[in-house]
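# Structural characterization, general
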Amino acid sequence: MKTKIRKILMSIPSEYKETFSREIDRENLFRMVAVSGLLLISETAIILFLKEHVLNTGGVVMDFIVFILVSLPILYFVYSQVDKIKMHIVKIVQSTFLLGILLFGIALALVPQSELISIHIYIITVYGIAAFIYLMPIESALLFGGAFLIFFFLLPYYQQNPDVLMILRVNALIMNITAWILSRMVIGMRVRSFIDKRLIIKKNRQLRRMAQCDSMTMLLNHENIYIRLCEEIDKAKYTKCPLSIIMIDIDDFKIINDTYGHLVGDKVIVQVAEIIVRTCRATDYVGRYGGEEFIVILPETNHAEAFSLAERLRASIEKNCFETSDNITISGGVAEYTGQTPEELIMMADQNHYSAKNSGKNRIRTHNVIN
């Protein structure tokens, strides 16, 4: 038993177990509320219009109506607050309600034994719970096992025929066992459905990330860094906050590729990307603009602050150890938004970047007087 339970539980990643428990609790409570409402209507209708046809079970039905009237508001309240109420309290409420339903089924099977030799109401109740309520194997075993023991020991008080008594007990045992097996199948399918859904969500996130990011560096790709720049320009227009960008590329990258090969060149690009991400702030956006070109969007940053960050980037990369025997350096250009279009702002940063290249490389340039 424990192995089976552990197998079901272990198939759910640990970070999702509480989420899964909350989900099935919410679904169970919703179904219990719906079933309570339907039972209240149907049992009330029976008492009002079919009382003469319910044999001697009218008292049981009345007691059950009272039970539903008490349970329904409690179930609805717990359902509406399921994410805030402690899980063990939610479990107690559910278990109490299910036990009450089972006792009702047992009573409707026992009371008319002198007139009707049947336990079909009890069997329907057990199978209904097994099919429509998600229960872990230990929960369903305790619930169905406890109900069977109650039925087993109370039956002789209502059914004195020993042959019928044995048949009803055996049938009840078989039905409870098969109901428990059904319950295990239902919860097993729910677990697999939950895991499949989580895998689909995870894959979709990965696909969205792959669509937005460069596959080598995992930085925003050319298209999406441009989209982000357009969004930040619109935001800067509205908030009147400064906005700057930095254009960077690796100096003499063709020589690196020709000397050490493209695999080493790719590793250099990845390492440079990692340094840029580590140096920038969490609010900045870093993208791979071209082969060895990068762009950094700096919201709420003026050209002086952007120039200072670019200089830190340049110094960090120059000091970093790469696989090549030569030091790797970068050149960059800074530009601040002053009403330009995205293309014009990129062009301004690119012009400053080429100015840095033409001035000897391994330096940062801006139109302002900083440098």
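Above this text you will find the structure in question.
What you see is a predicted model, and the numbers here were worked out from it, not measured in a lab.

### Some details on the overall build of the chain
- When its secondary structure is counted, the chain shows 12 helices and 5 strands.
- Relative to the 2.2 N^0.38 estimate, which gives 21 Å for 371 residues, the radius of gyration of the chain is 35 Å and therefore markedly larger than a compact globule would have.
- Oriented by its inertia axes, the alpha-carbon framework of the chain measures out at about 105 × 45 × 25 Å.
- Burial status across the chain gives 43% buried among its 371 residues.
- For the chain, the exposed area adds up to about 20100 Å²; of that, 62% sits on carbon and sulfur atoms.

### Description of the packing of helix H10 (residues 262-279) against helix H11 (residues 303-319)
- Here H10 crosses H11 at 140°, and the two axes come no closer than 10 Å. Judged by the angle between their axes, H10 and H11 are oblique. Here H10 runs over H11; the crossing is right-handed. The residues of H11 that touch H10, namely those facing Val-272, Ile-275, Ile-276 and Thr-279, are Leu-309, Arg-312, Leu-313, Ser-316 and Ile-317.
- A per-class count over the contact of H10 with H11 returns 6 nonpolar, 2 polar and 1 charged.

### Focus: the packing of aromatic side chains
- Applying the stated rule across the entire model yields 8 aromatic pairs.
- For the pair Phe-20 and Phe-194, a centre-to-centre distance of 5.0 Å together with 70° between the ring planes defines the contact as edge-to-face. With Phe-20 in helix H2 (residues 17-49) and Phe-194 in helix H7 (residues 162-212), this pair connects stretches of sequence that are 174 residues apart.
- For the pair Phe-67 and Phe-97, a centre-to-centre distance of 6.0 Å together with 10° between the ring planes defines the contact as stacked. Here Phe-97 lies in helix H4 (residues 87-110) and Phe-67 lies in helix H3 (residues 58-80), a separation of 30 residues in the sequence.
- Its relative accessible area of 5% is what places Phe-97 among the buried residues.
- An aromatic cluster of at least three residues, connected via ring pairs, comprises Phe-64, Phe-67, Phe-97 and Phe-104.

Reading guide: rules and limits
- Residues numbered from 1 in each chain as written.
- Predicted model: local features only at pLDDT ≥ 70, side-chain atom pairs only at ≥ 80, totals over all residues.
- Heavy atoms only, no water.
- Helix = DSSP H or I, 4+ residues; strand = E, 2+ residues; numbered from the N terminus.
- Rg over C-alpha atoms; globule rule 2.2 N^0.38 Å.
- Buried < 20%, exposed > 50% of the residue type's maximum accessible area, 1.4 Å probe, protein only.
- Areas by Shrake-Rupley, 256 points an atom, 1.4 Å probe, with all protein chains shown as cover.
- Axes fitted to C-alpha atoms, helices over the stretch in contact; angles between N-to-C directions.
- Parallel < 35°, antiparallel > 145°, perpendicular 65-115°, else oblique.
- Left-handed = near helix turned anticlockwise from the far one by under 90°.
- Contact = heavy atoms within 4.5 Å.
- Nonpolar A, V, L, I, M, F, W, Y, C, P; charged D, E, K, R; others polar.
- Phe/Tyr/Trp six-rings, centres within 6.5 Å; stacked < 30°, edge-to-face > 60°.

The quantities given are spatial measurements derived from coordinates; they are silent on function.
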